[in-house]
Amino acid sequence: MAKDFLPIGSIPDFLDALATFGEVHGPLLTDDGVQVFGRIASPADLRLDYRRTLLPPKKYLLPPRETVLTYAPDSGYRPPPLPDRDIILLALHPCDLAGIAYLDMAFTSTEPDPWYRARRRRLTLIGLSCEPDEFCFCAEVGAATPGNFDLFLERTPAGFHIRTGSRRGEKILARLARLLGESEPALSSPQRCNIESAILVAVRRGETFPYSPLWDEFASRCLSCGACSLCCPTCYCFDVREYGLLDGESAERIREWDNCLFMAHGETAGGFNFRKNRRERFLYRYRHKYLGFGPTRGTLSCVGCGRCREVCPVRIDLLELFKEER
Amino acid sequence: MSTNHDMTAIPLPATVIELRKLSDDTTLFRLRLDDAIAARRLKVIPGQFVQLSVPAGGEVPISLAALPGEDGALELCVRRVGHVTALLHTLAPGAGVAIRGPYGNGFPVTDWRGKNVLLLAGGLGIAPLRSLLHFLLRHRSDFGEITLMYGAREPAAILFKEELSELSGRRDMHLFLTVDFVSEEPPGGLVCHTGLLPGLLSGVNFTTENTVAALCGPPALYRCVVEELQGFGFPADSIFLSLERRMKCGVGLCCHCAIGELFCCTDGPVFRYADLRGVEGAL
Ligand SMILES: Cc1cc2nc3c(=O)[nH]c(=O)nc-3n(C[C@H](O)[C@H](O)[C@H](O)COP(=O)(O)OP(=O)(O)OC[C@H]3O[C@@H](n4cnc5c(N)ncnc54)[C@H](O)[C@@H]3O)c2cc1C
Ligand code: SF4
Ligand code: SF4
């Protein structure tokens, strides 16, 4: 029988072994009570029973704000040194792994983004099986089967079955060998739902619900706070700005998270706005999430993590659109 | 020379070599890429744009207002409207800027061989259409009748006045100008109608048979001109619109410029009306 079982008591040793590959990050609880992905300084920090973090793991690949270019008169625009930190990101649920798979596609397929790629190369992904709650719905968007991991931990009462998903994963697993025991009896394989969900049916049709009264209903309540997009593992719109530095000659160009629910997202010079009302901005978000833009056209990018449904202060839930359809 | 991929991420240094003031708020900037090899390799399809960086200001999408000249110079016709464009307008010859691109699809000129081309420009929309006109005239025998209709707010806002008077003397193309209203200033010797561009369309004769229309102008212009064109019998796949949207990256990543499910930067900026019909918010 394969030795692929990590007993729960070996987690501290497991973390020590991982630390030889890079800085270990995973779910933890901050002092003010928020679940976040952060640096795991000691085994006691790690919260393997977490439900979902407030911010998704996209922050490891697309920092909320980063310098992408610096300018100096003699050398022109130059990229700053690219990140050189290896990070092991631990305990990602299948939805968050799927979220990263989508970002990988958006940022490395057609026009590879050097900053994203540099970070991605240094990021190791270790998945963890999870229990759904009332907010999440990964099975309905086809994101329940784990993928895009280096290692994946399937939880059992006594510990974790580990499987590999990449060369890097195999290398790490080899180093863990002494911690692993014989498999427990076979797990029940994850349940598969054979009925195509209402979401997948609508998406395949390219549905935009043009006559739904929900658009106006959402628009009338939305606060344009942007929380739903901020917390989404696959929302990646960014703004770019440039600032002159104090010497009066050099400058720095930064990019930072933008938000399609904000008024300025569609605004051009002179105050013309291509999406001035909330209805238009909702439709824009819907189209991006469910139908895809440009090279990602035809790709559903909601991974069903449930964050937007949980955080929206006025309980707006795009899933209502699909319910109405049935 | 940097690789293609670098060109996508990192703007190449360029120098302002000449300025030509075209109106109160609009100037033609002639630039040259500092890297001569990169300049020679630059291939431009009329209607494409570049991302122009003004150091310490930022980056803006600007149409190439001409095909690269013999000397490799690029021409950008820029209106002063905000942060970056205002800073650009303070520059003098010799100043350093930077460029990446060209981006976007441009006009499908190879498909247009043997056809008549009707160019419709409103205001600053003349910028991308100028590069198209240059292309058509450079390959004059490949095309049928060429007609440019250009509308500006007032006589003082007509851009490229000298060029227009030259063009008006050509026998191998037709030129029609209109201004929304006539102020004190005379239109500088140019024959000029009064009224909006759609009005001009219905007032003059042109062939609709085997003709494609290329349109660029302020947002409000598209819907009425397209209606007018369809009234004349233009099929939806013979009407080409160069559209503008807020844009940050130019390469389909920042997600500000979608029109329906198409990106203005990578699927456009030139769209066939047939592909925009029924798309909420497109026009
Ligand atoms: C494909 C394309 C071609 C264009 N060609 C020309 C041209 O030939 N000549 C010309 O004068 N202008 C052109 N524009 C418009 C030009 O890009 C804007 O006027 C310019 O971005 C305004 O920047 P600003 O910093 O001066 O204004 P601000 O209002 O201070 O803008 C701040 C930022 O908002 C974004 N933004 C604002 N307005 C626009 C806009 N209209 N389009 C896209 N992004 C905008 C830019 O990222 C800009 O950096 C074009 C736009 C597009 C999309
Ligand atoms: S749209 Fe909502 S549920 Fe879907 S991935 Fe984004 S945050 Fe999660
Ligand atoms: S979280 Fe809710 S209120 Fe805030 S922008 Fe999103 S839909 Fe609107």
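Residues numbered from 1 in each chain as written. Chains lettered and ligands numbered in written order. Predicted model: local features only at pLDDT ≥ 70, side-chain atom pairs only at ≥ 80, totals over all residues. Heavy atoms only, no water.

Asks: What is the right way to read the overall build of chain A from this model?
Replies: In terms of helices and strands, chain A carries 10 helices and 12 strands. For 326 residues, the compact-globule estimate of 2.2 N^0.38 gives 20 Å, and the C-alpha radius of gyration of chain A, at 22 Å, lies within 12% of that figure. The principal-axis extents of the C-alpha atoms in chain A amount to approximately 65 × 60 × 40 Å. Residues classed as buried in chain A amount to 53% of the 326 residues present. For chain A, the share of sequence-separated contacts (at least 6 apart) that also reach a separation of at least 24 residues comes to 69%. When the accessible area of chain A is evaluated, it comes to approximately 15,300 Å², of which 53% is carbon and sulfur surface. Here chain A carries 43 positive and 43 negative side-chain charges, and the mean point of each set is 3 Å from the other. (Helix = DSSP H or I, 4+ residues; strand = E, 2+ residues; numbered from the N terminus. Rg over C-alpha atoms; globule rule 2.2 N^0.38 Å. Buried < 20%, exposed > 50% of the residue type's maximum accessible area, 1.4 Å probe, protein only. Contact = heavy atoms within 4.5 Å. Areas by Shrake-Rupley, 256 points an atom, 1.4 Å probe, with all protein chains shown as cover. Lys, Arg positive; Asp, Glu negative; His and termini not counted. Charge placed at Lys NZ, Arg CZ, Asp CG, Glu CD.)

Asks: Can you help me understand the interface of chain A and chain B in this one?
Replies: A common way to state how big an interface is: give the accessible area lost once the parts meet. Taken residue by residue, the interface counts 43 residues in chain A and 34 residues in chain B. Both sides together, the interface formed by chain A and chain B hides about 3,300 Å², and carbon and sulfur atoms give 59% of it. Three residues stand out in chain A for area buried against chain B, namely Y77, E111 and F274 of chain A, and they jointly supply 17% of the buried area on that side. Summed over the shared surface of chain A and chain B, the result is 5 salt bridges. E261 of chain B is paired through a salt bridge with R287 of chain A; the nearest N and O atoms lie 3.2 Å apart. (Buried area = accessible area lost by both parts, 1.4 Å probe. Salt bridge = Lys/Arg side-chain N within 4 Å of Asp/Glu carboxyl O.)

Asks: Is there a simple way to think about the side chain of R245 of chain B in this case?
Replies: Note on placement: R245 of chain B falls in the loop between β12 (239-242) and β13 (258-259). At 7.7 Å, E244 of chain B is the nearest oppositely charged side chain to R245 of chain B, a buried residue that forms no salt bridge. A polar atom in the side chain of R245 of chain B sits 3.1 Å from the backbone oxygen of G281 of chain B. Side-chain polar atoms of R245 of chain B contact the backbone oxygen of A282 of chain B, separated by 3.0 Å. Leave out the neighbours within four places in its chain, and R245 of chain B touches T268 and F274 of chain A together with C257, A258, I259, C264, G281 and A282 of chain B. (Polar contact = N/O pair within 3.5 Å; in protein donor to acceptor, adjacent residues only side chain to side chain.)

Asks: Is there a simple way to think about the environment of F107 of chain A in this case?
Replies: On the secondary structure map, F107 of chain A appears in helix α2 (residues 94-108). The exposure class assigned to F107 of chain A is buried, which follows from its relative accessible area of 0%.

Asks: What should I look at first to understand the environment of R78 of chain A in this one?
Replies: Residues and elements named next belong to chain A. Of note, R78 is situated in strand β5 (residues 76-78). Each C-alpha atom, one on R78 and one on V68, is 8.4 Å from the other, the two residues being 10 residues apart in sequence. Every residue in contact with R78, bar those within four places of it in the chain, is listed here: V68, L69 and T70.

Asks: What's the story with the packing of helix α6 (residues 214-221) of chain A against helix α8 (residues 278-291) of chain A in this structure? I'm lost.
Replies: The relative placement of two packed helices is expressed as an angle between their axes plus a distance between the axes. Residue and element names in this part refer to chain A. Orientation of α6 relative to α8, taken along the N-to-C sense of each, is 115°, at an axis distance of 8 Å. Comparing their axes, α8 and α6 come out roughly perpendicular. Taken as a pair, α6 and α8 cross one another with a handedness that is right-handed. Where α6 approaches α8, its residues W215, D216, F218 and A219 are matched on the opposing element by R278, R279, F282, L283 and Y286. In terms of residue class, the contact of α6 with α8 is built from 6 nonpolar, no polar and 3 charged. (Axes fitted to C-alpha atoms, helices over the stretch in contact; angles between N-to-C directions. Parallel < 35°, antiparallel > 145°, perpendicular 65-115°, else oblique. Left-handed = near helix turned anticlockwise from the far one by under 90°. Nonpolar A, V, L, I, M, F, W, Y, C, P; charged D, E, K, R; others polar.)

Asks: Please clarify how the nonpolar core should be interpreted in this entry.
Replies: Most often, soluble globular proteins have nonpolar side chains that are buried together. Ranked by internal contacts, the top residues of the largest apolar core, which has 161 residues, are F14 of chain A together with W112, L120 and M149 of chain B. Residue contributions to this core peak at 8 residues, all from helix α4 (residues 126-138) of chain B. Core analysis: the second largest hydrophobic core is formed by 27 residues, A143, I199, C302 and L318 of chain A among them. (Core = buried A, V, L, I, M, F, W, Y, C linked by side-chain atoms within 4.5 Å.)

Asks: Would you mind going over the domain arrangement of chain A with me for this structure?
Replies: All names here are of chain A. Split by domain assignment, chain A resolves into domain 1 (2-183) and domain 2 (196-325). For domain 1 and domain 2, the distance between their C-alpha centres works out to 25 Å. In this complex, domain 1 contributes 45 residues to the contact, which on the side of domain 2 involves 39 residues. Of the roughly 3,600 Å² buried between domain 1 and domain 2, counting both surfaces, carbon and sulfur atoms make up 60%. Between E66 and R255 there is a salt bridge, with the nearest N and O atoms lying 3.0 Å from each other. At the junction of domain 1 and domain 2, the tally comes to 23 residue pairs in polar contact (both at pLDDT 80 or more). Of all elements in the fold, only β4 (65-72), α2 and α3 (114-121) reach the threshold of two or more residues within the side of domain 1 that touches domain 2. The greatest single-element share of the side of domain 1 that touches domain 2, amounting to 9 residues, is contributed by α2. (Domains from an automatic or database assignment.)

Asks: How should I be thinking about the confidence of the model for chain A in this particular structure?
Replies: Low pLDDT means the predicted atomic positions in that stretch should not be read closely. In the predicted model, chain A carries a mean pLDDT of 90, and the fraction of residues at 70 or more is 95%. Averaged pLDDT values over the elements of chain A bottom out at 80 in helix α10 (residues 319-325) of chain A and peak at 97 in strand β6 (residues 87-92) of chain A. (pLDDT = per-residue confidence, 0-100.)

Asks: Please explain the site of ligand 3 as it appears in this structure.
Replies: Residues in contact with ligand 3 amount to 13 residues; listed here are only the nearest, C222, C225, G226, C228 and C312 of chain A. Residues belonging to the shell around ligand 3 are distributed by class as follows: 11 nonpolar, 2 polar and no charged. (Near = heavy atom within 4 Å.)

Asks: Got a minute to help me understand the domain arrangement of chain B in this structure?
Replies: All names here are of chain B. Here chain B is partitioned into domain 1 (8-103) and domain 2 (109-276). Across the boundary between the two partners, domain 1 contributes 23 residues, which contact 23 residues of domain 2. Contact between domain 1 and domain 2 buries roughly 2,000 Å² in total, counting both sides, with carbon and sulfur atoms accounting for 60%. Seen at the junction of domain 1 and domain 2, the total is 2 salt bridges. Our count for the contact surface shared by domain 1 and domain 2 stands at 9 residue pairs in polar contact (both at pLDDT 80 or more). Within the side of domain 1 that touches domain 2, the residues separate by chemical class into 12 nonpolar, 6 polar and 5 charged.

Asks: Is there a simple way to think about the sheet that holds strand β7 (residues 116-122) of chain B in this case?
Replies: By definition, the strands of a sheet pair up through backbone hydrogen bonds, in either a parallel or an antiparallel sense. Residue and element names in this part refer to chain B. Spatially, the 7 strands line up as an open sheet ordered β10-β9-β8-β7-β11-β12-β15, and their pairing is mixed. The two strands at the open ends of the sheet, each matched to only one other strand, are β10 (193-194) and β15 (270-272). Judged from the 6 bridges that link them, β7 and strand β11 (residues 211-216) form a sheet pairing that is parallel. When the sheet's bridge partners are listed, A121 is paired in β11 with C216. Packed onto the sheet, helix α5 (residues 161-168) meets β8 (146-152) and β9 (174-179) and runs at close to 135° relative to β9. (Pairing = 2+ DSSP bridges.)

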